[in-house]
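# Structure assessment
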Amino acid sequence: MRMTKISILTLSIIFFFISVTPSFARSGCCSHHGGVSGCGCADGTPLSSTCLPYYPECSGGGGTQQDSTQVPQTQTYTTPIPQATNTPIPTMTPTPTMTPKPTNTPTPTVVIPTPTPQPQMNFFSWLFGLFFGQKQQTGVKSYVQKIPSTSTVASAGIESGNSTCKAVHTNSTDPQAYLPDANCTPGTINAAVTQATIDSTICVSGYTKTIRPPASYTDKLKKDQMQEYGYTDTNLSDYEEDHFISLEIGGNPTDPKNLWPEPHASTNEKDKVENYLHKQVCNGSITLAQAQNEITQNWYAVYQQIK
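In short, a report on the structure. (Residues numbered from 1 in each chain as written. Predicted model: local features only at pLDDT ≥ 70, side-chain atom pairs only at ≥ 80, totals over all residues. Heavy atoms only, no water.)

### A closer look at the overall build of the protein
Just so we agree on the cut-off: In DSSP terms, a helix is any run of H or I states spanning at least four residues, a strand is any run of E spanning at least two, and both are numbered starting from the N terminus. To sort residues, take the accessible area from a 1.4 Å probe on protein chains only and compare it with the maximum for the residue type: under 20% means buried, over 50% means exposed, and anything in between is partly exposed. We call two residues contacting when some pair of their heavy atoms lies within 4.5 Å. Working definition of accessibility: Shrake-Rupley area with a 1.4 Å probe, residue cover restricted to the visible protein chains.
When its secondary structure is counted, the protein shows 13 helices and six strands. For the protein, buried positions account for 33% of its 307 residues. A separation threshold of at least 6 residues defines the contact pool for the protein, and within that pool the share at least 24 residues apart is 60%. Carbon and sulfur atoms form 61% of the exposed surface of the protein, whose accessible area is close to 19000 Å².

Here is the structure:
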């Protein structure tokens, strides 16, 4: 009985060592290399011949497979290196593209001839407005072009009297076509009337009555100026003491340089011009300065356009 127990114990011990020894051997593989990873050690070392039998799945040589997988990894790292060196080369190619910039230098030469056709365009725009009724542009330009120069008026007109101031008769067939002497009566404006104040001054009905000088002032001034202009006809009723720049377009009411003895009675052709220009200013067709310029340059040229 005792021998039976001893034999059973001995067999148990032998069986235990046989079953445990492979596990100990298996667990000891690559223990100094970080353990087993796949078919090799964790640090990439292949399984030894002692450990390899415990891994039948790696019987084809796991160590070599582990090494073969590392080879392409080193190749993939080497391939980008020449690619990176090639990329800077295309970046250098834009530098030649900077050479066309000198081609921009001729552009200033193109700008030089452009001012010359502009006056022609102004002429054609004026001509277009003349035929198609753009009053704001044609009203000013058409009159100014018909205004003769001062020397032309003096040579073509009839001077009255032998004195310092000389009235100019611009049309011998029209007894009302007189302009004042440009030196004696150049025309002056009312400082209170500007483009910004026309809606509260000249464009208000009855405004000129509030600033018109009294007859006592204008009658005395008429006598003095008739002598200055050298009129042989001394009948006061044959002359109108006229505001060269009329009050209704911003003329100065009392300045003698804006008043002169016009050789005809009121009402007259110049009154029509004054009313026309006043309407043009107040409806915005022309500016106040344009109206004042037209009447001082040659009011009779304006009259010929509107009569």
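### So, the packing of aromatic side chains
Heads up, the condition is: Two rings from Phe, Tyr or Trp (for Trp, the six-membered ring) form a pair when their centres are within 6.5 Å of each other. A pair whose planes differ by under 30 degrees is stacked, one over 60 is edge-to-face, and the rest are tilted.
If you walk through the whole model with that rule in mind, you get five aromatic pairs. Judged by centre distance (4.7 Å) and plane angle (10 degrees), the rings of Y231 and Y239 are stacked. Of the two residues, Y231 and Y239, neither departs from the other in class, the shared state being buried. Each member of the aromatic cluster is reached from another via a ring pair, and the members are Y229, Y231, Y239 and W260.

### So, helix α11 (residues 215-229)
Helical geometry note: an α-helix holds 3.6 residues per turn, so side chains three or four residues apart project in the same direction. Applicable threshold: Expected span of a helix: the number of residues minus one, times 1.5 Å. When we speak of the arc, we mean the arc of directions from the helix axis to the C-beta atoms.
Between the first and last C-alpha of α11 there are 20 Å, a value that for 15 residues agrees with the 21 Å anticipated at 1.5 Å per step. All buried positions along α11 are accounted for by T218, L221, K222, Q225, M226 and Y229. Burial along α11 is one-sided: seen end-on, the buried residues are contained in an arc of 140 degrees. Exposed positions of α11 whose direction lies more than 90 degrees from the buried face are S216, K220 and Q227. Residues of α11 that are buried make contact with β5 (240-243) and β6 (259-262). Positive phi shows up at G230, right after α11, with a value of about 70 degrees.

### Some thoughts on the nonpolar core
Definition in use: Only buried residues count toward a nonpolar core. Its members are Ala, Val, Leu, Ile, Met, Phe, Trp, Tyr and Cys residues joined through side-chain atoms within 4.5 Å.
Within the largest apolar cluster, 31 residues are counted, with the highest numbers of intra-cluster contacts made by I202, Y229, Y231, W260, L277, V281 and W299. Where this core is concerned, the elements lending two or more residues are β4 (178-179), α10 (207-211), α11, α12 (269-282) and α13 (288-306). In terms of residues, this core owes the most to one element, α13, which gives seven residues. What V281 contacts, discounting residues up to four positions off in sequence, is I198, I202, I286, T287, L288 and A291. In terms of nonpolar packing, the next biggest core, distinct from the first, is built from eight residues, C30, L47, C51 and C58 among them.

### Overview of the state of the cysteines
Applied cut-off: When two cysteine sulfur atoms lie within 2.5 Å, the pair is treated as a disulfide.
Applying the stated criterion across every chain, the model contains two disulfides. Disulfide partner of C165: C184, at an S-S distance of 2.0 Å. In this structure, the disulfide formed by C165 and C184 twists by about -95 degrees around the S-S bond and is classed as left-handed. Taken together, the residues C165 in the loop between α9 (150-156) and β3 (168-169) and C184 in the loop between β4 and α10 connect sequence positions 19 residues apart. Note on accessibility: C165 and C184 belong to one class, buried. Covalently, C203 is tied to C282 through a disulfide, its sulfur atoms 2.1 Å apart. Its S-S torsion of about -100 degrees marks the bond between C203 and C282 as left-handed, since a negative value means left-handed.

### Some details on α13
Here is the rule: Note on bend: the value at a residue is the angle between axes fitted to the seven residues ending there and to the seven starting there.
In this model, α13 (19 residues) spans only 18 Å end to end at C-alpha, well below the 27 Å of a helix rising 1.5 Å per residue. The sharpest bend along α13 measures roughly 105 degrees and falls at N298. Turning to α13, its buried residues number three or more, namely L288, A291, Q292, E294, I295, N298, W299, Y300, A301, V302 and Y303.

### Thoughts on the pairing of β5
To be explicit about the condition: By definition, two strands form a pair when at least two bridges between them are found by DSSP.
What you see with β5 is no split at all: E240 and D242 on one side and E241 and H243 on the other are buried throughout. Pairing of β5 with β6 involves four bridges; the strand directions are antiparallel. Across the sheet, the residue bridging to E241 is P261, located in β6.

### Concerning the pattern of salt bridges
Test applied: By definition here, a salt bridge exists when the distance from a side-chain nitrogen of Lys or Arg to a carboxyl oxygen of Asp or Glu is within 4 Å.
Taken as a whole and assessed by the stated rule, the structure comprises three salt bridges. Here K270 ties to E274 by a salt bridge, and the two come within 2.5 Å at their closest N and O atoms. Of this pair, K270 and E274 both sit in helix α12, four residues apart, roughly one helical turn. When sorted by exposure, K270 lands in the same class as E274, which is buried. A cluster of three or more residues bridged by salt bridges with shared partners is formed by D242, K270 and E274.

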